[in-house]
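Chain by chain, the residues:
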Amino acid sequence: MEEVKLEVKEEVKEKEEEAQGGDPAAPDPAATDTLAPAEAPAPAETPAAADTTPVAPQPGANIQAHDTPGFDESQAPDTKTDLTGLFTEKPQSGEVAVGENINFVAKVNAASLLKKPTIKWFKGKWMDLASKSGKNLQLKELYDRNSKVYTFEMQIIAAKPSFAGAYRCEVSSRDKFDSCNFDLTVHEARAVEGFDIRAAFRRTSVDGSEEAGELDFSALLKKRDASKSQVKSEPDEDVWEILQKAPASEYEKIAFQYGITDLRGMLKRLKKMKKEEKKSEAFLKKLDPAYQVEKGHKMKLCIEVANEDVDVKWLKNGQEIQSTGSKYIFESVGNKRYLTINHCSLSDDATYTCVVGDEKCTTELFVKEPPVTITSHLEDQMVMKGERVELECEVSEEGATVKWEKDGVELTRDESFKYRFKKDGRKHVLIINEATKEDCGHYTVKTNGGESMAELMVSEKELEVYQNIADLTVKAKDEAVFKCEVSDETVKGIWYKNGVEVKADARTNITHIGRIHKLTIDDVKPEDQGDYTFVPEGYAFNLSAKLNFLEVKIDYVPRQDPPKIHLDCMGHTADSTIVVVAGNKLRLDVPITGDPAPTVVWTKGEKVMTEGDGRLHVESTKGHCIFTIEGADKQDEGLYSVIVRNPAGEDKADINVKVVDAPDPPSAPRILSVGEDSCVVQWDPPKSDGGNPIIGYVLERKKKKSYRWMRLNFDPYTDTTYEAKRMTEGVEYEMRVYAVNAIGMSCHSAASQPFIPVAPTSEPVGLCVDDISDTTVSLKWRTPEHLGSSELDGYGVEYCKEGSDEWVPAFEGLTERTSVIIRDLPTGEKMQFRVRAYNTAGPSAPTSLAQAVTIREIMQKPKIWIPRILRQTLIKKVEETINLVIPFQGKPRPVITWSKDGEHLNPKQVSVRNSDTDTILFIRKSERKDSGKYEVKLQIENVEDTASISIQIVDLPGSPEKLKIMDVWGFNVALEWKPPKDNGNCEITGYMVQKADKKTMEWYTVYELYRRTNCVVADLIMGNEYIFRIYAVNMVGLSLEPCFSADSAYIQKTGFEYKPPIYKEHDFSEAPKFTHPLVSRSVIAGYNATLSCSVRGIPKPKVTWYKNKMDISNEAKYRMFSRQGVLTLEIRKPCSFDGGVYMCKAVNASGEDAVECKLEIRPPGTFPQAQITKEERDKQMNKAD
């Protein structure tokens, strides 16, 4: 069977040999554990491991350790290392006690990768752990769509001492590669005083339940021989060294012990290694194939020469290295020669050669440049349309290359020079000229060691009118001036009179200086009266005013006029109140008349206002009295009176002045709630509105570690509760608020408490009922698909009766497990259940069962699930432990009965333990008498199910018998013997024949694995006398004692003529006979299937394959192989139509023979409809015989 497996999987092994590159490394002792049926992990494919092939060093490429010259202190060398770091989080070394679990986590940011990263986990240097995934090892992969981060987990369950050692994690994506090393230390569990067989049957449960988990027999296994356990607990043995030192007869035994499946490929590489070792006479120790060092560190290369006085030369890329300066240092200590390279740079990444005479050795030095990180991150910006934008960051290395992206698309210098990239030392700047609305988005700068993101918001400019044009009333020959002021200096405009555009002429002048637009009309005439309008270009509004023409009539009045105050209503409110903004100039210009010129007195209350503090000015001119206050403030508010007097009388007028200001700042904002990319903020209105009602508020936000505030709204927001959006989840922010009235904006408020936007997780998925009884329900579910940036705090489980909305918590607090058992439920009631996930943002949406569950135990027929490894004969060596775990189903708990060959089991030799879900057969030390057919039966009332398991206990064979020397001629001796009486309960695979000269009595192996019971020993030495001995060999090993020849054979010297005996010609022809039949199989559609058998016959028979009695020899879908009598039919990707009866027919001149089997094709995810029983297999074997 071992030959069949090697031949069928030859192509697969060759591919693995190319992928592994023949890296000699210590075997994983965990591989030997897979031989035990109770501990064998089921093979499973890992998506991360299925897509990549690791490139390992060539044979002999041992990476330098800390105590070896040539090792860089910062990092162990690796023969395949790209300069691009992919890990955002590397797995760390850990410690665990025997029987406990441990997780190793690696994270990769895929935002800059063009292809999904693939990962491989290794034990030691060459053991790929993807094939070991199962009960003791689980590999997981998660992907966060928001952060674009892949999380890879390796979980070791129920750790064993053999799991300790060095591990490696490799990740690759197209041309990018990264790897890291970590260690696992396994501590021995505390010894238990006294031995209790019941304690040895404890279960290892994750959730603490006594009835869940898997059985742990570690307490029993500790009674094994100390020498055996010591051999298995050494994880760092080098298989290559063992094979080099071992004789050829031990190769197969070593391969079996260390789980080597491709022994043929390893022996080929071992042969090359031995040839290479004989070549070097000048070197005792050569350079390793590759070294690795970080940029800026030093590297020390070391070789050992055979002659201490010999001179060596060091070459770099074929050119001899000269000893100049302190860059290269040459040392000679005894027979060791050192080359030290100081301050390694990228120019030192080269091939180095050491030459001794005519011999040389070569190595590759890889200089790893440290990843470029971002030391100063980008800042969010909000600009107006048309403004210049500069996004600036700072990196850790000068001259480093960075990549700019906008919304995930790389930015380049286009023909319009929209984007410009500026590099100044470690600073990198992205410049956008004349920003537009299309430039809004998220901008990212990326290096090989990190990235930074910022948001750019571009807002349209709103044209503000600072000064409107006013109505004018002018007299003939006067000048009329219409003037307005807008916020944008570049805006042009057109003047219209009664809808007709105004053109400049001798009397009309149109000017545009900065933000001021003027229309001047000289020598006003009556026809100039009308409606004048100014229209800004590109804006949908206009400014209008009216020009009134005033005809002046001159009236003659007496020279004695009483004083009169002529107050204008412009700028006054209904109650003659003048409003002035705080800080501005208050100027009261009151027209007065009177003849003679009156005197003017200004008062405020009872106080006469005079020029005293420099802010107040009183001035009287012909026809006007002017009262001015510089920088008005709140204390200048009040009722002012102006009194004019002359001999003809007096007049008085009151003017109310109101000073208005910007409001006080609001209170510090409060964060009411947060979401995935938003938050709700609330604040209190300011204590003072500045004399004008509050028209709204303006909000700003910034990142906690930034200094740049970004405005969230341009138009005043009227409410005191605001929802801020477009934030980045997981980043810490602060908020502040401004109050706005008609005068302007207040100072900013105090900043809010820092907060982090985070969303509740999505609802848990896959909620279902795992088990149910009369008073309990077991529920299980899976973690939410979206967890966000916040850690998951746990799960809350609730239940209620059908038709009710009163949900009752199943337990206090939260649980971190994804399964729970709810107890003390009313029997017969219909109950509904739901589960919520909780994090810092609160509970998620609930996930509920599709329908209510009736609390009542469900009857279930008994069914035994035989593991695949136990469907064929289980072979164990004598004194090995047998631990069979047979899962089953059935409710209520079935009655379980074990028997062997129809008889009850001996409780002193065999232990049985039963639970609700499985039954266990345990034999601590197996014996030959334990071989046989074991039968287990489940019975629930009148329904039962049975299954049988065949166990074969094998031992070393006995010694061969009656070794005789049949003939001696020339330099040859013919031997013959009989097989041993005791074959060790398994087939004798061959015999080891040895010879010894009676003078030296040193034994030499002639044949290692000889099949027949007679042989000829040739090439003996003339004149010597020989004795012989023979060992029997089976799958366990050599017999303990050999069989010696009773006589000796003396090789006569030359001088006599040898007359060969005359033999009757023997007829060796033999009719074809199948020595191993075809076995019926059940395979999954879409996966290649093989059918194998073996045949013998002389002459070589002609083989024909049939399907349903139809010849398929010329069908392209099938491939036929024949190697050393082993016949194999390969069916490529079978479908449902490929099922049927397959027959193999062998024909030669002496006769013919045929075997057949059934092939069942089942769709993926289904189980075989019927298992092939041991009786059917025996029938096929008998038919073949």
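Residues numbered from 1 in each chain as written. Predicted model: local features only at pLDDT ≥ 70, side-chain atom pairs only at ≥ 80, totals over all residues. Heavy atoms only, no water.

Colleague: Mind laying out the overall build of the protein, listing which residues take part and the relevant values?
Modeller: On a plain count of helices and strands, the protein comes out with ten helices and 88 strands. Here the protein holds 1185 residues, and 40% of them are scored as buried. Look at the contacts in the protein between residues 6 or more apart in sequence, and 64% of them connect residues 24 or more apart. Accessible surface, the protein as shown: approximately 66,500 Å² in total, 49% of it carbon and sulfur. (Helix = DSSP H or I, 4+ residues; strand = E, 2+ residues; numbered from the N terminus. Buried < 20%, exposed > 50% of the residue type's maximum accessible area, 1.4 Å probe, protein only. Contact = heavy atoms within 4.5 Å. Areas by Shrake-Rupley, 256 points an atom, 1.4 Å probe, with all protein chains shown as cover.)

Colleague: So what's going on with the confidence of the model for the protein? Which residues, and what values?
Modeller: Should pLDDT be low for a region, the predicted coordinates there are not to be read in detail. Of the residues in the protein, 82% have a pLDDT of 70 or more, and the chain-wide mean is 80. Within the model, pLDDT remains below 50 along residues 191-236, and this stretch shows 63 contacts once partners closer than five positions in the same chain are excluded. Segment residues 569-574: pLDDT under 50, and four contacts once partners within four positions in sequence are set aside and those in other chains are kept. (pLDDT = per-residue confidence, 0-100.)

Colleague: Give me the lowdown on the pattern of salt bridges, citing residues and values where you can.
Modeller: Applying the stated criterion across every chain yields a total of 35 salt bridges. Of the charged contacts, one joins Arg 388 and Glu 390 as a salt bridge, the two residues approaching to 2.9 Å between their closest N and O atoms. Glu 927 is the salt-bridge partner of Lys 929, the closest N and O atoms lying 3.5 Å from each other. Overall, the relative accessible area of 34% leaves Glu 927 in the partly exposed class. (Salt bridge = Lys/Arg side-chain N within 4 Å of Asp/Glu carboxyl O.)

Colleague: Residue-level account of the sheet that holds strand β67 (residues 903-904), with values.
Modeller: Sheets are built from strands that pair by backbone hydrogen bonding, the pairs being arranged parallel or antiparallel. Ordered in space as β64-β71-β70-β66-β67, the five strands form an open sheet in which the pairing is mixed. If you trace the sheet from one side to the other, it starts and ends with β64 (874-877) and β67, each paired once. Note that strand β66 (residues 895-900) and strand β70 (residues 932-940) share six bridges and pair antiparallel. Counted as the bridge partner of Ile 896 is Leu 938 from β70. (Pairing = 2+ DSSP bridges.)

Colleague: Tell me about the sheet that holds strand β23 (residues 389-395), and please be specific about residues and values.
Modeller: Read from one edge to the other, the open sheet built from four strands follows the order β21-β23-β27-β26, with strand pairing classed as antiparallel. The two strands at the open ends of the sheet, each matched to only one other strand, are β21 (374-376) and β26 (419-424). With strand direction ignored, the average angle separating the axes of adjacent strands in the sheet is 30°. Sheet topology places β23 next to strand β27 (residues 427-432); six bridges connect them, and they run antiparallel. Its bridge partner lying in β27, Leu 391 is registered against Leu 430. (Axes fitted to C-alpha atoms, helices over the stretch in contact; angles between N-to-C directions.)

Colleague: Before we move on, could you go through the packing of aromatic side chains and cite the residues and values that matter?
Modeller: Enumeration over the complete set of coordinates arrives at 18 aromatic pairs. Measuring from ring centre to ring centre gives 5.5 Å for Trp 781 and Tyr 795, while their planes differ by 70°; the resulting arrangement is edge-to-face. On the criterion of sequence distance, the pair formed by Trp 781 in strand β55 (residues 777-782) and Tyr 795 in strand β56 (residues 794-801) is long-range, its members being 14 residues apart. For the residue pair Trp 781 and Tyr 795, the accessibility class agrees, reading buried in each case. Ring pairing ties together the aromatic residues Phe 104, Trp 121, Tyr 167 and Phe 182, which thus form one cluster. Lys 300 extends its terminal NZ or CZ atom over the ring of Tyr 338, reaching a point 4.8 Å from the ring centre. Lys 863 extends its terminal NZ or CZ atom over the ring of Trp 865, reaching a point 5.8 Å from the ring centre. (Phe/Tyr/Trp six-rings, centres within 6.5 Å; stacked < 30°, edge-to-face > 60°. Lys NZ or Arg CZ within 6 Å of the ring centre and 35° of its normal.)

Colleague: Before we move on, could you go through the nonpolar core and cite the residues and values that matter?
Modeller: If you look at the biggest cluster of nonpolar residues, it comprises 30 residues, and the most contacted ones within it are Phe 104, Trp 121, Met 154, Ile 156, Tyr 167, Cys 169 and Leu 184. When sequence neighbours within four positions are dropped, the list of residues in contact with Met 154 reads Ile 102, Asn 103, Phe 104, Trp 121, Leu 129, Leu 137, Gln 138, Leu 139, Tyr 167 and Phe 182. (Core = buried A, V, L, I, M, F, W, Y, C linked by side-chain atoms within 4.5 Å.)

Colleague: How would you sum up the side chain of Thr 533? Please name residues and give values.
Modeller: Take Thr 533: it is sitting in strand β37 (residues 530-536). Within the structure, Thr 533 has its side chain in polar contact with the side chain of Ser 544 (distance 3.3 Å). Among all residues touching Thr 533, those that are not within four sequence positions of it are Ile 494, Trp 495, Tyr 496, Asn 542, Leu 543 and Ser 544. (Polar contact = N/O pair within 3.5 Å; in protein donor to acceptor, adjacent residues only side chain to side chain.)

Colleague: Run through a positive patch on the surface, naming residues and quoting values.
Modeller: Taken together, Lys 962, Lys 964, Lys 978 and Lys 981 make up a surface patch of like positive charges. Here Lys 964 shows up in strand β72 (residues 961-969). (Patch = residues over 30% accessible without salt bridge, like charges linked within 9 Å, V, L, I, M, F, W, Y side chains within 5 Å. Lys, Arg positive; Asp, Glu negative; His and termini not counted. Charge placed at Lys NZ, Arg CZ, Asp CG, Glu CD.)

Colleague: Can you tell me about the environment of Glu 359, naming the residues and giving the values?
Modeller: Structurally, Glu 359 can be placed in strand β20 (residues 359-368). Along the sequence, Glu 359 and Glu 281 sit 78 residues apart, while their C-alpha atoms lie 8.3 Å from each other.

Colleague: Account for the pairing of strand β19 (residues 350-356), naming residues and giving values.
Modeller: Burial within β19 is extensive, with six of its seven residues counted as buried. By the bridge criterion, four bridges tie strand β15 (residues 313-316) to β19 in an arrangement that is antiparallel. Bridged to Leu 315 within β19 is Thr 353. In the sheet, β19 pairs with β20 via seven bridges, with the strands oriented antiparallel. Counterpart to Val 356 in the pairing with β20 is Glu 359. Hairpin connection from β19 to β20: two residues lie between these consecutive antiparallel strands, with Gly 357 at a positive phi of about 65°.

Colleague: Report on empty space enclosed by the protein, specifying residues and quantitative values.
Modeller: Tallied over the full model, the rule gives three cavities of 30 Å³ or more. There is about 40 Å³ of room inside the second largest cavity. The element contributing the most residues to the lining of the second largest cavity is strand β50 (residues 694-703), with three residues. A per-class count over the lining of the second largest cavity returns two nonpolar, one polar and six charged. (1 Å grid on protein atoms, 1.4 Å probe; cavity = no way out; pocket = protein on both sides within 12 Å on 5 of 7 lines; lining within 4 Å. Points joined across faces, edges and corners; volume = space filled by probe spheres on them. Nonpolar A, V, L, I, M, F, W, Y, C, P; charged D, E, K, R; others polar.)

Colleague: Describe the pairing of β64, and please don't skip the residues or the numbers.
Modeller: Here β64 shows one buried face, formed by Leu 874 and Lys 876, and one open face, formed by Ile 875 and Lys 877. Summarising the sheet, β64 and strand β71 (residues 943-954) pair through four bridges and their orientation is parallel. Looking at β71, one finds that Lys 876 is bridged to Ile 953.

Colleague: Can you tell me about the environment of Ser 162, naming the residues and giving the values?
Modeller: Positionally, Ser 162 belongs in the loop between β7 (149-156) and β8 (165-173). A C-alpha to C-alpha distance of 9.8 Å links Ser 162 and Val 98, two positions 64 residues apart in sequence.

Colleague: Please set out unusual backbone geometry residue by residue, giving values where relevant.
Modeller: Trans peptide bonds make up the majority, and among non-glycine residues the majority have a negative phi. Along the chain, Lys 891 connects to Pro 892 via a cis peptide bond; the corresponding omega equals -10°. Structurally, the position occupied by Pro 892 is in the loop between β65 (882-891) and β66. Each neighbour pair has its own omega, and for Ile 1098 with Pro 1099 the value is -5°, a cis peptide bond. For Pro 1099, the position within the fold is in the loop between β82 (1089-1098) and β83 (1102-1107). Here the phi dihedral of Glu 434 falls at roughly 55°; this positive angle occurs in a residue that is not glycine. Counting through the fold element by element, Glu 434 comes out in the loop between β27 and β28 (441-447). Assessed through its relative accessible area of 57%, Glu 434 is described here as exposed.

Colleague: Describe the environment of Ser 950, listing the residues and the values that go with them.
Modeller: With respect to the helices and strands, the residue Ser 950 is situated in strand β71. Overall, Ser 950 belongs to the buried group, its relative accessible area being 16%. Each C-alpha atom, one on Ser 950 and one on Tyr 934, is 6.2 Å from the other, the two residues being 16 residues apart in sequence.

Colleague: Pulling in residues and values, what's your account of the state of the cysteines?
Modeller: This model, assessed by the stated rule, comprises zero disulfides. Here Cys 302 stays unpaired: no disulfide links it, and the sulfur of Cys 354, its closest cysteine neighbor, is 9.7 Å away. (Disulfide = S-S within 2.5 Å.)

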